[in-house]
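Here is what each chain is made of, one letter per residue.
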Amino acid sequence: MTRARSEGRFDVDRTTYEALVAHARSDFPYEVCGLLAVRDGQVVRHYEVPNAARSMTFYTMEGKALLRAMREIDDEGWELGAIYHSHTHTEAFPSATDVELAFYPEAAYLIVSLQHDEPVVRAFSIAGGSVSERTLFIDGEEASAGTRWT
Amino acid sequence: MPIEVRVPTVLRKHTAGEKTLSGSGSTVRELVEDLEGRNPGLRQSLVGDDGQLHRFVNVYVNDEDVRYLGGIETPLSDGDSVSILPAVAGG
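Residues numbered from 1 in each chain as written. Chains lettered and ligands numbered in written order. Predicted model: local features only at pLDDT ≥ 70, side-chain atom pairs only at ≥ 80, totals over all residues. Heavy atoms only, no water.

**Some thoughts on the overall build of chain A**
Counted only if it meets this: Secondary structure is summarised from DSSP: a helix means a run of H or I of at least four residues, a strand means a run of E of at least two, and numbering begins at the N terminus for each. Radius of gyration means the value over C-alpha atoms here, while the globule rule gives 2.2 Å times the residue count to the 0.38 power. Any residue under 20% of the maximum accessible area for its type is buried, any over 50% is exposed, and the rest in between are partly exposed; the area is computed with a 1.4 Å probe on protein chains only. By definition in these notes, contact holds between two residues if any of their heavy atoms fall within 4.5 Å. Per-residue and other accessible areas were derived by the Shrake-Rupley procedure at a 1.4 Å probe size, with only the shown protein chains allowed to occlude residues. Positive charges come from Lys and Arg, negative ones from Asp and Glu, while His and the chain ends are left out of the count. For charged residues, the charge sits on one atom: NZ in Lys, CZ in Arg, CG in Asp, CD in Glu.
Secondary structure assignment for chain A yields three helices and nine strands. Along chain A, from the amino end to the carboxyl end, the secondary structure elements read β-α-β-β-β-α-β-α-β-β-β-β. Taken against the 2.2 N^0.38 rule, which gives 15 Å for 150 residues, the C-alpha radius of gyration of chain A at 14 Å falls within 12% of a compact globule. Considering chain A as a whole, with its 150 residues, one finds that 51% of them fall into the buried category. Counting contacts in chain A only where the partners sit at least 6 residues apart, residues at least 24 apart contribute 68% of the total. Summed over its atoms, the accessible surface of chain A is roughly 7,100 Å², and 46% of this surface lies on carbon and sulfur atoms. Positive and negative side-chain charges of chain A, numbering 14 and 24 respectively, have mean locations separated by a distance of 1 Å.

Put into C-alpha coordinates, the structure is as follows:
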(Lines give C-alpha, C1' and ligand atoms only; values in the text may rest on other atoms or scores of the structure.)
Protein backbone atom coordinates (compact mmCIF):
# COMPACT_ATOMS: atom_id res chain seq x y z
CA MET A 1 0.00 0.00 0.00
CA THR A 2 1.34 3.41 -0.93
CA ARG A 3 1.73 5.75 1.98
CA ALA A 4 2.26 9.45 2.45
CA ARG A 5 3.10 11.68 5.37
CA SER A 6 0.18 11.71 7.78
CA GLU A 7 -1.35 15.02 8.81
CA GLY A 8 -4.80 15.97 10.06
CA ARG A 9 -8.07 14.11 9.90
CA PHE A 10 -11.37 13.99 8.10
CA ASP A 11 -14.59 13.14 9.86
CA VAL A 12 -17.54 11.54 8.20
CA ASP A 13 -20.71 9.97 9.59
CA ARG A 14 -21.53 6.34 8.85
CA THR A 15 -24.54 7.17 6.66
CA THR A 16 -22.52 9.44 4.40
CA TYR A 17 -19.66 6.94 4.31
CA GLU A 18 -22.02 4.20 3.17
CA ALA A 19 -23.59 6.52 0.61
CA LEU A 20 -20.14 7.22 -0.84
CA VAL A 21 -19.41 3.54 -1.23
CA ALA A 22 -22.84 2.88 -2.71
CA HIS A 23 -22.31 5.71 -5.18
CA ALA A 24 -18.92 4.30 -6.16
CA ARG A 25 -20.45 0.88 -6.77
CA SER A 26 -23.40 2.29 -8.70
CA ASP A 27 -21.46 3.02 -11.88
CA PHE A 28 -18.72 0.39 -11.67
CA PRO A 29 -16.45 -0.01 -13.63
CA TYR A 30 -16.62 3.72 -14.31
CA GLU A 31 -15.31 6.29 -11.87
CA VAL A 32 -17.84 8.37 -9.95
CA CYS A 33 -17.25 11.68 -8.18
CA GLY A 34 -18.87 14.08 -5.77
CA LEU A 35 -18.50 16.66 -3.03
CA LEU A 36 -19.14 16.83 0.69
CA ALA A 37 -20.07 20.11 2.32
CA VAL A 38 -19.17 20.55 5.97
CA ARG A 39 -20.13 22.91 8.76
CA ASP A 40 -18.20 22.93 12.02
CA GLY A 41 -16.36 19.78 10.95
CA GLN A 42 -19.53 17.81 10.23
CA VAL A 43 -20.79 16.74 6.83
CA VAL A 44 -24.01 18.59 6.11
CA ARG A 45 -24.55 17.79 2.43
CA HIS A 46 -23.46 15.08 0.01
CA TYR A 47 -23.49 15.94 -3.68
CA GLU A 48 -23.21 13.19 -6.25
CA VAL A 49 -21.83 15.00 -9.29
CA PRO A 50 -21.97 13.33 -12.71
CA ASN A 51 -18.62 12.29 -14.17
CA ALA A 52 -18.65 14.05 -17.53
CA ALA A 53 -15.79 11.80 -18.69
CA ARG A 54 -17.62 8.56 -17.78
CA SER A 55 -14.31 6.75 -17.83
CA MET A 56 -12.63 3.94 -15.93
CA THR A 57 -9.47 6.03 -15.51
CA PHE A 58 -10.54 9.68 -15.41
CA TYR A 59 -13.18 11.93 -13.93
CA THR A 60 -14.18 15.49 -14.51
CA MET A 61 -17.17 16.91 -12.70
CA GLU A 62 -19.99 18.00 -14.96
CA GLY A 63 -19.78 21.79 -15.09
CA LYS A 64 -23.30 22.87 -14.28
CA ALA A 65 -23.79 20.39 -11.46
CA LEU A 66 -20.45 21.50 -10.02
CA LEU A 67 -21.50 25.15 -10.20
CA ARG A 68 -24.83 24.47 -8.48
CA ALA A 69 -23.15 22.58 -5.65
CA MET A 70 -20.37 25.12 -5.14
CA ARG A 71 -22.81 28.00 -5.16
CA GLU A 72 -25.01 26.37 -2.55
CA ILE A 73 -21.97 25.69 -0.35
CA ASP A 74 -20.94 29.32 -0.68
CA ASP A 75 -24.43 30.73 -0.16
CA GLU A 76 -25.10 28.59 2.90
CA GLY A 77 -21.79 29.56 4.47
CA TRP A 78 -20.62 25.93 4.46
CA GLU A 79 -17.16 24.79 3.50
CA LEU A 80 -16.07 22.45 0.78
CA GLY A 81 -15.06 19.63 3.09
CA ALA A 82 -14.16 16.95 0.60
CA ILE A 83 -13.90 16.06 -3.03
CA TYR A 84 -14.30 12.35 -3.63
CA HIS A 85 -13.94 9.97 -6.51
CA SER A 86 -13.59 6.27 -7.04
CA HIS A 87 -10.74 4.15 -8.32
CA THR A 88 -12.25 1.04 -9.77
CA HIS A 89 -9.04 -0.84 -10.55
CA THR A 90 -6.32 0.76 -8.45
CA GLU A 91 -5.64 1.47 -4.80
CA ALA A 92 -7.09 4.35 -2.80
CA PHE A 93 -4.12 6.65 -3.31
CA PRO A 94 -3.94 9.78 -5.49
CA SER A 95 -2.75 9.11 -9.01
CA ALA A 96 -0.31 11.43 -10.78
CA THR A 97 -3.31 12.97 -12.53
CA ASP A 98 -5.10 13.49 -9.21
CA VAL A 99 -2.09 15.41 -7.91
CA GLU A 100 -1.66 17.45 -11.06
CA LEU A 101 -5.32 18.49 -11.15
CA ALA A 102 -5.84 19.20 -7.46
CA PHE A 103 -6.97 22.83 -7.46
CA TYR A 104 -8.64 22.81 -4.04
CA PRO A 105 -5.90 22.68 -1.41
CA GLU A 106 -8.36 23.39 1.43
CA ALA A 107 -10.49 20.32 0.71
CA ALA A 108 -9.88 16.72 1.69
CA TYR A 109 -9.57 14.41 -1.29
CA LEU A 110 -11.32 11.13 -0.57
CA ILE A 111 -10.70 8.12 -2.76
CA VAL A 112 -12.94 5.08 -2.71
CA SER A 113 -11.14 2.05 -4.10
CA LEU A 114 -13.15 -0.86 -5.41
CA GLN A 115 -10.05 -2.75 -6.44
CA HIS A 116 -10.81 -5.51 -3.92
CA ASP A 117 -14.09 -7.01 -2.76
CA GLU A 118 -14.02 -4.85 0.34
CA PRO A 119 -14.06 -1.12 -0.47
CA VAL A 120 -11.21 1.00 0.87
CA VAL A 121 -11.67 4.71 1.53
CA ARG A 122 -8.77 7.00 2.36
CA ALA A 123 -8.49 10.77 2.75
CA PHE A 124 -5.71 13.08 1.61
CA SER A 125 -4.69 16.68 1.32
CA ILE A 126 -3.13 17.53 -2.00
CA ALA A 127 -1.43 20.90 -2.25
CA GLY A 128 1.37 22.23 -4.37
CA GLY A 129 2.04 18.82 -5.86
CA SER A 130 2.49 17.05 -2.56
CA VAL A 131 0.24 14.51 -0.89
CA SER A 132 -0.35 13.95 2.80
CA GLU A 133 -2.79 11.50 4.31
CA ARG A 134 -5.60 12.61 6.62
CA THR A 135 -6.82 10.02 9.06
CA LEU A 136 -10.38 9.09 8.23
CA PHE A 137 -12.80 8.89 11.15
CA ILE A 138 -16.24 7.34 10.76
CA ASP A 139 -18.63 8.38 13.53
CA GLY A 140 -15.59 9.36 15.56
CA GLU A 141 -13.77 6.06 15.16
CA GLU A 142 -10.62 5.73 13.16
CA ALA A 143 -11.41 3.85 9.96
CA SER A 144 -9.49 0.65 9.48
CA ALA A 145 -9.98 0.73 5.73
CA GLY A 146 -6.72 2.49 5.12
CA THR A 147 -4.59 -0.21 6.68
CA ARG A 148 -6.34 -3.39 5.65
CA TRP A 149 -4.46 -4.05 2.44
CA THR A 150 -0.86 -3.88 3.45
CA MET B 1 -24.75 48.05 -15.51
CA PRO B 2 -21.53 46.22 -14.83
CA ILE B 3 -20.91 42.51 -15.13
CA GLU B 4 -20.70 40.72 -11.81
CA VAL B 5 -18.01 38.08 -11.45
CA ARG B 6 -17.95 35.45 -8.71
CA VAL B 7 -14.43 34.48 -7.80
CA PRO B 8 -13.59 31.13 -6.17
CA THR B 9 -11.59 30.91 -2.96
CA VAL B 10 -8.44 29.75 -4.72
CA LEU B 11 -8.31 32.86 -6.89
CA ARG B 12 -9.08 35.37 -4.15
CA LYS B 13 -5.37 35.85 -3.58
CA HIS B 14 -5.50 37.94 -6.75
CA THR B 15 -8.54 39.94 -5.66
CA ALA B 16 -7.49 41.05 -2.16
CA GLY B 17 -9.90 38.47 -0.80
CA GLU B 18 -12.91 39.80 -2.68
CA LYS B 19 -15.55 37.22 -3.50
CA THR B 20 -17.25 39.20 -6.21
CA LEU B 21 -15.83 41.69 -8.65
CA SER B 22 -17.48 43.91 -11.14
CA GLY B 23 -16.05 44.55 -14.54
CA SER B 24 -16.88 45.37 -18.09
CA GLY B 25 -16.25 44.05 -21.57
CA SER B 26 -18.13 42.87 -24.60
CA THR B 27 -16.56 39.40 -24.48
CA VAL B 28 -15.11 37.16 -21.77
CA ARG B 29 -11.65 38.06 -23.10
CA GLU B 30 -12.29 41.78 -22.66
CA LEU B 31 -13.72 41.21 -19.22
CA VAL B 32 -10.60 39.29 -18.17
CA GLU B 33 -8.41 42.13 -19.46
CA ASP B 34 -10.50 44.66 -17.57
CA LEU B 35 -10.28 42.67 -14.33
CA GLU B 36 -6.55 42.06 -14.73
CA GLY B 37 -5.93 45.81 -14.53
CA ARG B 38 -7.23 45.90 -10.95
CA ASN B 39 -6.39 42.31 -9.98
CA PRO B 40 -2.95 41.48 -11.29
CA GLY B 41 -2.34 37.78 -11.72
CA LEU B 42 -5.93 36.86 -12.37
CA ARG B 43 -5.47 36.59 -16.13
CA GLN B 44 -2.65 34.10 -15.80
CA SER B 45 -4.89 31.86 -13.71
CA LEU B 46 -7.54 31.84 -16.40
CA VAL B 47 -5.85 32.17 -19.78
CA GLY B 48 -3.02 30.12 -21.22
CA ASP B 49 -0.15 31.14 -23.50
CA ASP B 50 -2.32 30.15 -26.45
CA GLY B 51 -4.78 32.91 -25.52
CA GLN B 52 -7.54 30.45 -24.70
CA LEU B 53 -9.10 29.65 -21.35
CA HIS B 54 -7.23 26.98 -19.42
CA ARG B 55 -8.70 23.54 -19.99
CA PHE B 56 -9.23 23.01 -16.28
CA VAL B 57 -10.90 26.30 -15.48
CA ASN B 58 -14.66 26.52 -15.87
CA VAL B 59 -16.11 29.91 -16.77
CA TYR B 60 -19.86 30.36 -16.80
CA VAL B 61 -21.96 33.16 -18.22
CA ASN B 62 -25.38 33.25 -16.60
CA ASP B 63 -24.70 29.71 -15.39
CA GLU B 64 -23.88 28.35 -18.86
CA ASP B 65 -20.43 26.85 -19.34
CA VAL B 66 -18.65 28.97 -21.98
CA ARG B 67 -17.18 25.80 -23.51
CA TYR B 68 -20.63 25.33 -25.02
CA LEU B 69 -20.98 29.00 -25.93
CA GLY B 70 -18.05 30.74 -27.56
CA GLY B 71 -15.18 30.03 -25.18
CA ILE B 72 -13.15 33.13 -24.39
CA GLU B 73 -14.91 35.01 -27.21
CA THR B 74 -18.35 34.46 -25.65
CA PRO B 75 -20.20 37.77 -25.91
CA LEU B 76 -21.27 39.58 -22.75
CA SER B 77 -23.96 42.13 -22.07
CA ASP B 78 -24.35 44.54 -19.21
CA GLY B 79 -25.94 42.83 -16.26
CA ASP B 80 -24.61 39.36 -17.12
CA SER B 81 -23.20 37.34 -14.30
CA VAL B 82 -19.98 35.39 -14.69
CA SER B 83 -18.73 32.64 -12.42
CA ILE B 84 -15.29 31.09 -12.34
CA LEU B 85 -14.50 27.66 -10.90
CA PRO B 86 -11.41 25.54 -11.17
CA ALA B 87 -12.40 22.18 -12.62
CA VAL B 88 -12.66 19.21 -10.31
CA ALA B 89 -10.99 16.39 -12.16
CA GLY B 90 -8.47 13.63 -11.80
CA GLY B 91 -7.69 10.08 -12.65
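Text resumes after the structure shown.
**Some remarks on the confidence of the model for chain A**
Rules: For every residue, the predictor states its confidence as a pLDDT score lying anywhere from 0 to 100.
Predicted confidence across chain A gives a mean pLDDT of 94, with 96% of residues reaching 70 or more. Residue range residues 146-150 of chain A is modelled with pLDDT below 50. Its contacts to residues more than four positions away, or to other chains, number 13 contacts.

**What about unusual backbone geometry?**
Cis geometry is adopted by the peptide bond preceding Pro29(A), which originates at Phe28(A) and carries an omega value of 5°. Relative to the elements of secondary structure, Pro29(A) occurs in the loop between α1 (14-26) and β2 (33-39). A positive phi angle, near 50°, is found at Asp139(A), a position not held by glycine. A relative accessible area of 52% means that Asp139(A) is categorised as exposed. The residue Asp63(B) is not glycine, and still its phi comes out positive at about 70°. Within the secondary structure layout, Asp63(B) lies in the loop between β3 (57-61) and β4 (64-65). Overall, the relative accessible area of 29% leaves Asp63(B) in the partly exposed class.

**Things to note about the interface of chain A and chain B**
Size of an interface, as often reported, equals the accessible area lost when the parts are brought together. As a reminder of what qualifies: Buried area is understood as the total, over both parts, of accessible area removed when two parts are fitted together, assessed with a 1.4 Å probe. The rule for a salt bridge is simple: a side-chain nitrogen of Lys or Arg has to be within 4 Å of a carboxyl oxygen of Asp or Glu. In protein, a polar contact requires one atom able to donate a hydrogen and another able to accept it; more generally it is a pair of N or O atoms within 3.5 Å, and residues adjacent in sequence count only if both atoms are side-chain atoms. The classification used treats Ala, Val, Leu, Ile, Met, Phe, Trp, Tyr, Cys and Pro as nonpolar, Asp, Glu, Lys and Arg as charged, and all other residues, Gly among them, as polar.
With 25 residues of chain A at the contact, the number on the chain B side is 19 residues. Both faces combined, the contact of chain A with chain B buries some 1,900 Å², and carbon together with sulfur accounts for 55% of it. Three residues, Leu67(A), Arg71(A) and Phe103(A), lead the burial of chain A against chain B; their summed loss comes to 27% of the area buried on that side. There are six salt bridges connecting chain A and chain B. Two residues, Asp74(A) and Lys19(B), come together in a salt bridge whose shortest N-O distance is 3.9 Å. For the interface between chain A and chain B, the tally reads 13 residue pairs in polar contact (both at pLDDT 80 or more). Looking at the side of chain A that touches chain B, the elements that each hand over two or more residues are β4 (59-60), α2 (63-76), β5 (79-87) and α3 (96-100) of chain A. Residue composition of the side of chain A that touches chain B, by class: eleven nonpolar, seven polar and seven charged.

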